[in-house]
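Listed below, chain by chain, are the residues.
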Amino acid sequence: MAEFAYRAADTAGKLHEGKVDAVNRELALRQLRERRLTPIRLEEVVAGPAHVLPTSAAGRRSGGRVNRSDVLALSTELAIMLHAGLALDRALRVLIDMSHKPAMSKLLEDILENVKGGAPLSRALSNHHALFGDFYINMVRSGEASGKLADVLARLVEHLERMRALRDSVISATLYPIFLLVVAVISVVAMLGFVVPQFEALFNDMGDALPLPTRIVLDAGTFFKHYGLVLGVAVFAVGWLLLRWLRSPAGRRWWQTRILRVPLLGSLVLKYDITRFARSFGTLLDNGVPILSALGIATETVGNIRLRDALTGIVPKMKGGGKVVDALRATGLFQPIAINLIRVGEETGRLDSMMLELARIFDRDVENGIKRGLTILEPLLILVLGGLIAAIIVSILAGILSINDLAV
């Protein structure tokens, strides 16, 4: 017999917390339903230190703005409660009671106020368009029109989790190379700024008799010793200005256009954005959103401006009576496998499932490409770091050996 800690809501929307004893999770859920409680959180109590029931992901932090994780938690919990038969307004009240984040509570209160005033949930969410976006709002609107809001929210949760997993895999893959690069820079600066100057007095009287590599390293060390702080401030200032420009519309377009031309990396970026487009497009079609609206919304989910501009021309071609496969082929962004899947989907009336299948295929390609790139990049960075430090050490040793030769 196991013990499960729960957080659940009753038919009036009141929040309850407690523990139940059951053989497994399914029986624990059945006990809660028999008590007319809608489970929101159910976790097995582990042995050892006191187990604390995890709060909702929307309220894990007591401050800050509402972010993507909060939206995912909101969608998950709302889908659970609506599936259990809880009315929308009561479900929103439960979420407000669960939230320990002021910004999240304010958002939910505003949504609840609009819903109580007779507005559909999609219209209430549209007041926070910057947070939810066209994709989310149109998915909710399609759920309201079909009377399957709970099912649509469940699909939204699945979509958001997949997109988060893809985004997190890309971010986590770049952390180690960045760490190695930072270590390399710090190591070289430390060697030139603190270690090399210690040998300056030893080599002062040798002049041109020193080997060229030793003179270069000594000059670099002297420069870092006297102007290292100025150089650091200058690098920081240039980096800050460059970062600001890269974040501007012109700078973003510049680097996003050129990154597509980088071997290996460009193809990964292309597949990553095509994955986002295909999954969004397929999910929207699967929930009954009209094809032209789905194309426009899915295009907006693409992060690369260059690719988004190319995809924007699809809708006008479709309005002229063209086929989806022809419009997508004309962009020049889709590989033959993608074109074939889209053609089959359009001819069989299963375009939604084919787009989702395309997203799964490219998702795997992106993950495999990242792994292959890291297997090359990580040892390469280590070799470069070791080579730089070894070059400095060998240059110093060459100078010491030249002193011995002169002494002989």
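Just so you know, these numbers come straight off a predicted model, no measurement behind them.

(A) The arrangement of the overall build of the protein in detail. Along the protein, the regular secondary structure elements total 17 helices and 3 strands. At 29 Å, the protein has a C-alpha radius of gyration far larger than the 22 Å of a compact globule built from 408 residues. Counting only C-alpha atoms and orienting by the principal axes, one finds that the protein spans roughly 95 × 65 × 40 Å. Looking at the protein residue by residue over its 408 residues, the buried ones come to 41%. Summarising the internal contacts of the protein: among those between residues at least 6 apart in sequence, 58% fall at separations of at least 24.

(B) Quick peek at the confidence of the model for the protein. When pLDDT is averaged along the protein, the result is 81; 91% of the residues meet or exceed 70. In this model, residues 48-62 is a region of pLDDT below 50 whose contacts with residues beyond four sequence positions or in other chains number 37 contacts.

(C) Examining a nonpolar patch on the surface more closely. Residues Phe223, Tyr227, Val230, Leu231 and Val235 make up a contiguous nonpolar surface patch of roughly 470 Å² in combined accessible area. Along the chain, Phe223 falls in helix α9 (residues 212-247). The class for Phe223 is partly exposed, based on a relative accessible area of 40%.

(D) Region of interest: the nonpolar core. Judged by nonpolar contacts, the single largest core of 70 residues is most densely connected at Phe277, Phe281 and Phe334. The residues contacting Phe334, other than those within four sequence positions of it, are Ile274, Phe277, Leu311, Leu328, Ile339 and Ile342. Counting 11 residues, the second largest nonpolar core, distinct from the first, contains Ala2, Ala8, Leu29 and Leu37.

(E) Local environment of the packing of aromatic side chains. The full count for this structure, using the stated rule, is 6 aromatic pairs. Ring geometry for Phe132 versus Tyr136: centroids 5.1 Å apart, planes at 50°, classification tilted. Of this pair, Phe132 and Tyr136 both sit in helix α6 (residues 129-146), 4 residues apart, which is roughly one turn of the helix. Residue class for Tyr136 comes out buried when judged on its relative accessible area of 4%. Between Trp245 and Trp254 the ring centres are 5.6 Å apart and the planes differ by 55°, which places this aromatic pair in the tilted class. An aromatic cluster is present here, built from Phe223, Phe224 and Tyr227 joined pairwise through their rings.

(F) Up close: the environment of Leu125. Position of Leu125 among the secondary structure elements: in helix α5 (residues 121-126). With 15 residues separating them in the primary sequence, Leu125 and Asp110 have C-alpha atoms 9.3 Å apart. Ignoring anything within four residues of it in the chain, the contact list for Leu125 reads Ile111, Phe132, Tyr136, Ile137 and Val140.

Reading the values: the criteria
- Residues numbered from 1 in each chain as written.
- Predicted model: local features only at pLDDT ≥ 70, side-chain atom pairs only at ≥ 80, totals over all residues.
- Heavy atoms only, no water.
- Helix = DSSP H or I, 4+ residues; strand = E, 2+ residues; numbered from the N terminus.
- Rg over C-alpha atoms; globule rule 2.2 N^0.38 Å.
- Buried < 20%, exposed > 50% of the residue type's maximum accessible area, 1.4 Å probe, protein only.
- Contact = heavy atoms within 4.5 Å.
- pLDDT = per-residue confidence, 0-100.
- Patch = residues over 30% accessible without salt bridge, like charges linked within 9 Å, V, L, I, M, F, W, Y side chains within 5 Å.
- Areas by Shrake-Rupley, 256 points an atom, 1.4 Å probe, with all protein chains shown as cover.
- Salt bridge = Lys/Arg side-chain N within 4 Å of Asp/Glu carboxyl O.
- Core = buried A, V, L, I, M, F, W, Y, C linked by side-chain atoms within 4.5 Å.
- Phe/Tyr/Trp six-rings, centres within 6.5 Å; stacked < 30°, edge-to-face > 60°.

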